[in-house]
Amino acid sequence: IMKECWHHDPDTRPTFAELSRRLGHIDPGISRVSVAKAQGRSLDEGAGVGSKVLDEVFPPHIAEALRQGKKIEPEHFDCVTIFFSDIVGFTDISGTLLPEEVCDMLDRLYVKLDMLADKYEMFKVETIGDAYMAVTNLLKEQHDHAARVAKFAQEAIVAANSTLVHKDKPELGSINLRVGFHSGPVVANVVGTKNPRYCLFGDTVNTASRMESNSEKNRIHLSDTAAKLVARQDASIDLEPREKMTIKGKGVMQTYFLKQEQQTVKVTLDAKQLEVRLESRRSSRLSRKASSCSVVSHTPTARPSQATIKSPPSSRLNPAAHVTIATPTTIVVDMDDLGETV
(Lines give C-alpha, C1' and ligand atoms only; values in the text may rest on other atoms or scores of the structure.)
Protein backbone atom coordinates (compact mmCIF):
# COMPACT_ATOMS: atom_id res chain seq x y z
CA ILE A 1 0.00 0.00 0.00
CA MET A 2 2.86 2.37 0.83
CA LYS A 3 4.52 1.73 -2.52
CA GLU A 4 1.24 2.47 -4.30
CA CYS A 5 0.98 5.76 -2.39
CA TRP A 6 4.53 6.69 -3.51
CA HIS A 7 3.84 6.06 -7.19
CA HIS A 8 5.19 8.82 -9.46
CA ASP A 9 1.85 9.03 -11.32
CA PRO A 10 -0.73 10.67 -9.03
CA ASP A 11 -3.61 9.11 -10.95
CA THR A 12 -2.50 5.60 -9.99
CA ARG A 13 -2.23 6.34 -6.28
CA PRO A 14 -5.13 5.05 -4.12
CA THR A 15 -7.67 7.61 -2.96
CA PHE A 16 -8.29 8.33 0.70
CA ALA A 17 -11.58 6.45 0.43
CA GLU A 18 -9.76 3.40 -0.97
CA LEU A 19 -7.13 3.58 1.78
CA SER A 20 -9.86 3.84 4.39
CA ARG A 21 -11.60 0.78 2.99
CA ARG A 22 -8.41 -1.28 2.83
CA LEU A 23 -7.15 -0.33 6.27
CA GLY A 24 -10.43 0.15 8.12
CA HIS A 25 -10.83 -3.47 9.22
CA ILE A 26 -7.33 -3.63 10.78
CA ASP A 27 -7.13 -3.29 14.57
CA PRO A 28 -4.34 -0.74 15.18
CA GLY A 29 -3.76 -2.14 18.66
CA ILE A 30 -2.64 -5.50 17.30
CA SER A 31 0.23 -6.01 14.91
CA ARG A 32 1.65 -9.11 13.31
CA VAL A 33 4.79 -8.65 15.39
CA SER A 34 2.95 -8.55 18.73
CA VAL A 35 0.77 -11.54 17.81
CA ALA A 36 3.79 -13.59 16.71
CA LYS A 37 5.71 -12.74 19.89
CA ALA A 38 2.74 -13.55 22.10
CA GLN A 39 2.47 -16.98 20.48
CA GLY A 40 6.20 -17.63 20.61
CA ARG A 41 6.59 -17.64 16.83
CA SER A 42 8.78 -15.75 14.41
CA LEU A 43 7.19 -13.14 12.18
CA ASP A 44 7.82 -15.24 9.07
CA GLU A 45 6.25 -18.29 10.71
CA GLY A 46 3.13 -16.35 11.64
CA ALA A 47 2.82 -14.98 8.13
CA GLY A 48 3.19 -18.51 6.74
CA VAL A 49 0.28 -19.83 8.80
CA GLY A 50 -2.02 -17.01 7.68
CA SER A 51 -0.94 -17.42 4.07
CA LYS A 52 -1.71 -21.15 4.16
CA VAL A 53 -5.21 -20.49 5.49
CA LEU A 54 -5.88 -18.00 2.69
CA ASP A 55 -4.71 -20.52 0.08
CA GLU A 56 -7.05 -23.17 1.50
CA VAL A 57 -10.12 -20.92 1.53
CA PHE A 58 -9.68 -18.81 -1.61
CA PRO A 59 -8.52 -19.42 -5.20
CA PRO A 60 -4.78 -18.66 -5.56
CA HIS A 61 -5.18 -15.32 -7.37
CA ILE A 62 -7.79 -14.15 -4.87
CA ALA A 63 -5.60 -15.17 -1.91
CA GLU A 64 -2.66 -13.24 -3.36
CA ALA A 65 -4.79 -10.13 -3.92
CA LEU A 66 -6.05 -10.29 -0.32
CA ARG A 67 -2.49 -10.61 0.98
CA GLN A 68 -1.62 -7.43 -0.89
CA GLY A 69 -4.71 -5.63 0.41
CA LYS A 70 -6.11 -5.10 -3.07
CA LYS A 71 -9.77 -4.65 -3.88
CA ILE A 72 -11.29 -7.80 -5.39
CA GLU A 73 -13.24 -7.15 -8.55
CA PRO A 74 -16.15 -9.39 -9.63
CA GLU A 75 -15.20 -12.10 -12.14
CA HIS A 76 -17.56 -13.39 -14.82
CA PHE A 77 -17.45 -17.02 -15.98
CA ASP A 78 -19.39 -18.05 -19.08
CA CYS A 79 -20.00 -21.67 -18.12
CA VAL A 80 -19.22 -23.58 -14.93
CA THR A 81 -20.81 -26.69 -13.43
CA ILE A 82 -22.03 -26.43 -9.84
CA PHE A 83 -22.51 -29.47 -7.59
CA PHE A 84 -24.79 -29.56 -4.55
CA SER A 85 -25.46 -32.40 -2.14
CA ASP A 86 -27.16 -32.83 1.20
CA ILE A 87 -27.77 -35.71 3.59
CA VAL A 88 -31.10 -37.50 3.40
CA GLY A 89 -32.86 -37.37 6.79
CA PHE A 90 -30.30 -35.01 8.31
CA THR A 91 -32.90 -33.40 10.60
CA ASP A 92 -33.80 -36.78 12.10
CA ILE A 93 -30.12 -37.73 12.41
CA SER A 94 -29.41 -34.46 14.22
CA GLY A 95 -32.24 -35.21 16.65
CA THR A 96 -30.80 -38.66 17.37
CA LEU A 97 -27.11 -37.82 17.81
CA LEU A 98 -25.32 -35.47 20.16
CA PRO A 99 -23.99 -32.28 18.52
CA GLU A 100 -20.43 -33.58 18.87
CA GLU A 101 -21.44 -36.79 17.10
CA VAL A 102 -23.06 -34.86 14.27
CA CYS A 103 -19.83 -32.88 13.85
CA ASP A 104 -17.82 -36.10 13.77
CA MET A 105 -20.14 -37.63 11.15
CA LEU A 106 -19.87 -34.56 8.89
CA ASP A 107 -16.11 -34.44 9.37
CA ARG A 108 -15.69 -38.08 8.32
CA LEU A 109 -17.88 -37.50 5.26
CA TYR A 110 -16.33 -34.19 4.21
CA VAL A 111 -12.78 -35.56 4.49
CA LYS A 112 -13.73 -38.12 1.83
CA LEU A 113 -15.54 -35.59 -0.38
CA ASP A 114 -12.58 -33.20 -0.13
CA MET A 115 -10.26 -35.99 -1.30
CA LEU A 116 -12.54 -36.67 -4.26
CA ALA A 117 -12.70 -32.94 -5.04
CA ASP A 118 -8.89 -32.92 -5.19
CA LYS A 119 -8.96 -35.97 -7.46
CA TYR A 120 -11.30 -34.29 -9.97
CA GLU A 121 -9.74 -30.83 -9.54
CA MET A 122 -12.94 -29.24 -8.29
CA PHE A 123 -13.03 -26.08 -6.19
CA LYS A 124 -14.94 -26.53 -2.94
CA VAL A 125 -16.97 -23.37 -2.47
CA GLU A 126 -18.43 -24.03 0.97
CA THR A 127 -20.30 -26.34 3.30
CA ILE A 128 -23.39 -25.19 5.17
CA GLY A 129 -24.50 -27.80 7.68
CA ASP A 130 -25.02 -30.97 5.67
CA ALA A 131 -24.89 -29.19 2.29
CA TYR A 132 -21.71 -29.50 0.19
CA MET A 133 -21.08 -27.14 -2.74
CA ALA A 134 -18.29 -27.45 -5.31
CA VAL A 135 -17.65 -26.18 -8.84
CA THR A 136 -15.60 -27.01 -11.95
CA ASN A 137 -14.26 -24.85 -14.78
CA LEU A 138 -13.69 -21.98 -12.37
CA LEU A 139 -10.01 -21.92 -11.40
CA LYS A 140 -8.83 -23.17 -14.78
CA GLU A 141 -10.38 -24.16 -18.09
CA GLN A 142 -11.73 -27.71 -18.00
CA HIS A 143 -13.29 -28.88 -21.25
CA ASP A 144 -14.93 -31.86 -19.49
CA HIS A 145 -16.24 -29.90 -16.49
CA ALA A 146 -19.78 -31.36 -16.53
CA ALA A 147 -18.52 -34.94 -16.96
CA ARG A 148 -16.08 -34.38 -14.08
CA VAL A 149 -18.94 -33.41 -11.80
CA ALA A 150 -20.96 -36.44 -12.93
CA LYS A 151 -18.10 -38.81 -12.02
CA PHE A 152 -17.42 -36.95 -8.79
CA ALA A 153 -21.11 -37.24 -7.86
CA GLN A 154 -21.12 -41.00 -8.46
CA GLU A 155 -18.08 -41.52 -6.26
CA ALA A 156 -19.43 -39.12 -3.65
CA ILE A 157 -22.54 -41.26 -3.22
CA VAL A 158 -20.43 -44.41 -2.85
CA ALA A 159 -18.19 -42.66 -0.32
CA ALA A 160 -21.22 -41.47 1.67
CA ASN A 161 -22.80 -44.94 1.61
CA SER A 162 -19.56 -46.33 3.12
CA THR A 163 -19.62 -43.76 5.96
CA LEU A 164 -21.48 -44.79 9.11
CA VAL A 165 -23.83 -42.28 10.73
CA HIS A 166 -22.19 -43.22 14.04
CA LYS A 167 -18.92 -45.12 13.93
CA ASP A 168 -19.75 -46.99 17.16
CA LYS A 169 -23.42 -47.66 16.32
CA PRO A 170 -23.59 -49.49 12.98
CA GLU A 171 -27.27 -50.18 13.55
CA LEU A 172 -27.93 -46.52 12.65
CA GLY A 173 -26.81 -47.29 9.11
CA SER A 174 -24.80 -45.28 6.63
CA ILE A 175 -25.12 -41.82 5.12
CA ASN A 176 -27.32 -41.32 2.06
CA LEU A 177 -26.96 -38.31 -0.21
CA ARG A 178 -29.28 -36.35 -2.45
CA VAL A 179 -27.29 -34.83 -5.34
CA GLY A 180 -27.93 -32.32 -8.12
CA PHE A 181 -25.92 -30.18 -10.53
CA HIS A 182 -26.39 -27.59 -13.26
CA SER A 183 -24.16 -25.75 -15.75
CA GLY A 184 -24.25 -22.09 -16.70
CA PRO A 185 -22.73 -18.62 -16.19
CA VAL A 186 -21.83 -17.18 -12.79
CA VAL A 187 -20.17 -14.15 -11.23
CA ALA A 188 -17.63 -14.77 -8.45
CA ASN A 189 -16.51 -12.24 -5.87
CA VAL A 190 -15.36 -11.84 -2.28
CA VAL A 191 -18.02 -10.27 -0.08
CA GLY A 192 -17.50 -8.63 3.30
CA THR A 193 -14.39 -7.57 5.18
CA LYS A 194 -14.94 -9.54 8.40
CA ASN A 195 -14.71 -13.27 7.72
CA PRO A 196 -14.78 -12.58 3.96
CA ARG A 197 -16.35 -15.25 1.77
CA TYR A 198 -15.71 -16.23 -1.84
CA CYS A 199 -19.21 -16.51 -3.29
CA LEU A 200 -20.82 -17.40 -6.60
CA PHE A 201 -23.80 -15.40 -7.81
CA GLY A 202 -26.33 -15.94 -10.56
CA ASP A 203 -29.30 -18.04 -11.58
CA THR A 204 -26.98 -21.00 -12.21
CA VAL A 205 -26.43 -21.31 -8.45
CA ASN A 206 -30.18 -21.27 -7.77
CA THR A 207 -30.91 -23.84 -10.47
CA ALA A 208 -28.17 -26.19 -9.25
CA SER A 209 -29.62 -25.98 -5.76
CA ARG A 210 -33.10 -26.78 -7.14
CA MET A 211 -31.70 -29.83 -8.93
CA GLU A 212 -30.42 -31.11 -5.59
CA SER A 213 -33.58 -30.37 -3.62
CA ASN A 214 -35.72 -32.13 -6.25
CA SER A 215 -33.44 -35.17 -6.43
CA GLU A 216 -34.01 -38.50 -4.70
CA LYS A 217 -32.12 -40.67 -2.24
CA ASN A 218 -28.74 -41.70 -3.69
CA ARG A 219 -29.67 -40.30 -7.10
CA ILE A 220 -27.90 -37.69 -9.22
CA HIS A 221 -30.29 -35.15 -10.71
CA LEU A 222 -29.18 -32.75 -13.43
CA SER A 223 -30.68 -30.08 -15.64
CA ASP A 224 -31.20 -30.32 -19.39
CA THR A 225 -28.26 -27.95 -19.95
CA ALA A 226 -25.93 -30.05 -17.82
CA ALA A 227 -27.19 -33.26 -19.40
CA LYS A 228 -26.34 -32.05 -22.91
CA LEU A 229 -22.83 -31.11 -21.76
CA VAL A 230 -22.31 -34.48 -20.05
CA ALA A 231 -23.46 -36.37 -23.17
CA ARG A 232 -21.10 -34.31 -25.31
CA GLN A 233 -18.11 -34.60 -22.98
CA ASP A 234 -18.40 -38.31 -22.07
CA ALA A 235 -20.62 -40.58 -24.15
CA SER A 236 -20.13 -43.47 -21.70
CA ILE A 237 -22.30 -41.76 -19.08
CA ASP A 238 -25.93 -42.79 -19.54
CA LEU A 239 -28.78 -40.43 -18.74
CA GLU A 240 -32.36 -41.22 -17.80
CA PRO A 241 -34.95 -38.53 -18.60
CA ARG A 242 -37.50 -37.69 -15.92
CA GLU A 243 -41.02 -36.58 -16.58
CA LYS A 244 -41.18 -32.82 -16.97
CA MET A 245 -41.64 -31.28 -13.56
CA THR A 246 -42.35 -27.88 -12.07
CA ILE A 247 -39.28 -26.47 -10.35
CA LYS A 248 -39.89 -23.70 -7.81
CA GLY A 249 -38.90 -20.37 -9.28
CA LYS A 250 -38.08 -21.93 -12.68
CA GLY A 251 -41.35 -23.28 -14.03
CA VAL A 252 -41.63 -26.55 -15.97
CA MET A 253 -38.25 -28.13 -16.73
CA GLN A 254 -36.97 -31.26 -18.45
CA THR A 255 -34.44 -32.88 -16.13
CA TYR A 256 -32.46 -36.11 -15.98
CA PHE A 257 -31.02 -38.72 -13.64
CA LEU A 258 -27.69 -40.40 -14.20
CA LYS A 259 -28.63 -43.97 -15.12
CA GLN A 260 -26.68 -45.57 -12.33
CA GLU A 261 -27.73 -49.19 -12.88
CA GLN A 262 -25.60 -49.17 -16.02
CA GLN A 263 -22.67 -47.43 -14.39
CA THR A 264 -19.76 -49.14 -12.67
CA VAL A 265 -18.21 -46.78 -10.18
CA LYS A 266 -14.75 -47.57 -8.82
CA VAL A 267 -13.60 -45.73 -5.71
CA THR A 268 -9.99 -46.02 -4.61
CA LEU A 269 -9.26 -45.10 -1.02
CA ASP A 270 -5.66 -44.94 0.16
CA ALA A 271 -5.66 -45.81 3.84
CA LYS A 272 -2.50 -43.86 4.58
CA GLN A 273 -3.79 -40.73 2.87
CA LEU A 274 -7.13 -41.00 4.64
CA GLU A 275 -5.37 -41.49 7.98
CA VAL A 276 -3.34 -38.33 7.43
CA ARG A 277 -6.53 -36.36 6.69
CA LEU A 278 -8.25 -37.70 9.78
CA GLU A 279 -5.15 -37.26 11.97
CA SER A 280 -4.90 -33.61 11.00
CA ARG A 281 -8.52 -33.04 11.97
CA ARG A 282 -8.72 -35.11 15.15
CA SER A 283 -5.76 -35.56 17.50
CA SER A 284 -7.29 -38.67 19.06
CA ARG A 285 -6.53 -40.91 16.03
CA LEU A 286 -4.38 -43.98 16.61
CA SER A 287 -0.69 -43.54 15.80
CA ARG A 288 -0.19 -46.92 14.16
CA LYS A 289 0.57 -46.82 10.45
CA ALA A 290 -2.27 -48.01 8.21
CA SER A 291 -1.84 -50.30 5.27
CA SER A 292 -2.69 -49.13 1.77
CA CYS A 293 -6.05 -50.49 0.79
CA SER A 294 -7.73 -50.12 -2.60
CA VAL A 295 -11.48 -50.40 -2.59
CA VAL A 296 -14.05 -51.12 -4.58
CA SER A 297 -16.08 -51.58 -7.71
CA HIS A 298 -19.68 -50.60 -7.05
CA THR A 299 -22.47 -51.66 -9.37
CA PRO A 300 -25.94 -50.54 -8.23
CA THR A 301 -28.79 -53.03 -8.55
CA ALA A 302 -32.40 -53.11 -7.51
CA ARG A 303 -31.88 -54.21 -3.89
CA PRO A 304 -29.34 -52.59 -1.57
CA SER A 305 -27.03 -54.70 0.55
CA GLN A 306 -23.87 -54.27 2.57
CA ALA A 307 -20.46 -55.88 2.29
CA THR A 308 -17.68 -55.70 4.84
CA ILE A 309 -14.04 -56.13 3.85
CA LYS A 310 -11.22 -56.59 6.33
CA SER A 311 -7.99 -54.89 5.37
CA PRO A 312 -5.40 -57.62 4.63
CA PRO A 313 -1.97 -57.56 6.29
CA SER A 314 0.37 -55.18 4.52
CA SER A 315 2.78 -58.02 3.70
CA ARG A 316 0.11 -59.75 1.60
CA LEU A 317 -1.60 -56.69 0.10
CA ASN A 318 -1.17 -55.96 -3.57
CA PRO A 319 -1.48 -52.14 -3.76
CA ALA A 320 -2.65 -52.38 -7.38
CA ALA A 321 -5.41 -54.88 -6.66
CA HIS A 322 -9.08 -53.93 -6.56
CA VAL A 323 -11.91 -55.89 -5.01
CA THR A 324 -15.06 -56.03 -7.13
CA ILE A 325 -18.39 -56.45 -5.36
CA ALA A 326 -21.55 -56.72 -7.44
CA THR A 327 -23.77 -55.23 -4.73
CA PRO A 328 -25.25 -51.74 -4.49
CA THR A 329 -25.31 -48.65 -2.34
CA THR A 330 -23.57 -49.60 0.94
CA ILE A 331 -19.96 -50.75 1.08
CA VAL A 332 -18.13 -50.71 4.42
CA VAL A 333 -14.37 -51.17 4.53
CA ASP A 334 -13.07 -51.96 8.00
CA MET A 335 -9.41 -50.95 8.33
CA ASP A 336 -8.34 -52.17 11.76
CA ASP A 337 -4.96 -50.47 11.54
CA LEU A 338 -6.67 -47.14 11.06
CA GLY A 339 -8.89 -47.72 14.06
CA GLU A 340 -12.05 -46.66 12.23
CA THR A 341 -14.59 -48.02 9.81
CA VAL A 342 -14.56 -45.91 6.63
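Now for a quick tour of the structure. (Residues numbered from 1 in each chain as written. Predicted model: local features only at pLDDT ≥ 70, side-chain atom pairs only at ≥ 80, totals over all residues. Heavy atoms only, no water.)

1. Looking at unusual backbone geometry
Spelled out, the test is: Here a helix means four or more residues in a row that DSSP labels H or I, a strand means two or more in a row labelled E, and each is numbered from the N terminus.
The backbone phi angle of Glu121 is positive, close to 55°, even though this residue is not glycine. Structurally, Glu121 is set in the loop between α7 (99-119) and β2 (123-128).

2. Overview of the pairing of strand β3 (residues 131-136)
Defined as follows: To sort residues, take the accessible area from a 1.4 Å probe on protein chains only and compare it with the maximum for the residue type: under 20% means buried, over 50% means exposed, and anything in between is partly exposed. Note: two strands are recorded as paired if DSSP finds a minimum of 2 bridges between them.
A large share of β3 lies buried, amounting to 5 of its 6 residues. Taken together, the 5 bridges between strand β1 (residues 75-87) and β3 define a ladder with antiparallel strand orientation. Among the inter-strand pairings, Phe83 is bridged to a residue of β3, identified as Ala134. Pairing of β2 with β3, which is carried by 5 bridges, proceeds in the antiparallel orientation.

3. Structural notes on the packing of helix α8 (residues 145-161) against helix α10 (residues 224-233)
Formally: Helix axes use the C-alpha atoms of the stretch in contact, all axes being lines fitted to C-alpha atoms, and the angles between their N-to-C directions lie in the range 0 to 180 degrees. An angle below 35 degrees is treated as roughly parallel, one above 145 as roughly antiparallel, one from 65 to 115 as roughly perpendicular, and anything else as oblique. Residues count as neighbours in contact if any of their non-hydrogen atoms are within 4.5 Å of one another. Gly falls in the polar group here, along with every residue not listed as nonpolar (Ala, Val, Leu, Ile, Met, Phe, Trp, Tyr, Cys, Pro) or charged (Asp, Glu, Lys, Arg).
It is the contact of α8 with α10, at a shortest axis distance of 7 Å, that shows an interaxial angle of 95°. Between α8 and α10, the angle is such that the two are roughly perpendicular. Across the interface between the two elements, His145, Ala146, Ala147 and Ala150 of α8 pack against Ala226, Leu229, Val230 and Gln233 of α10. In terms of residue class, the contact of α8 with α10 is built from 6 nonpolar, 2 polar and no charged.

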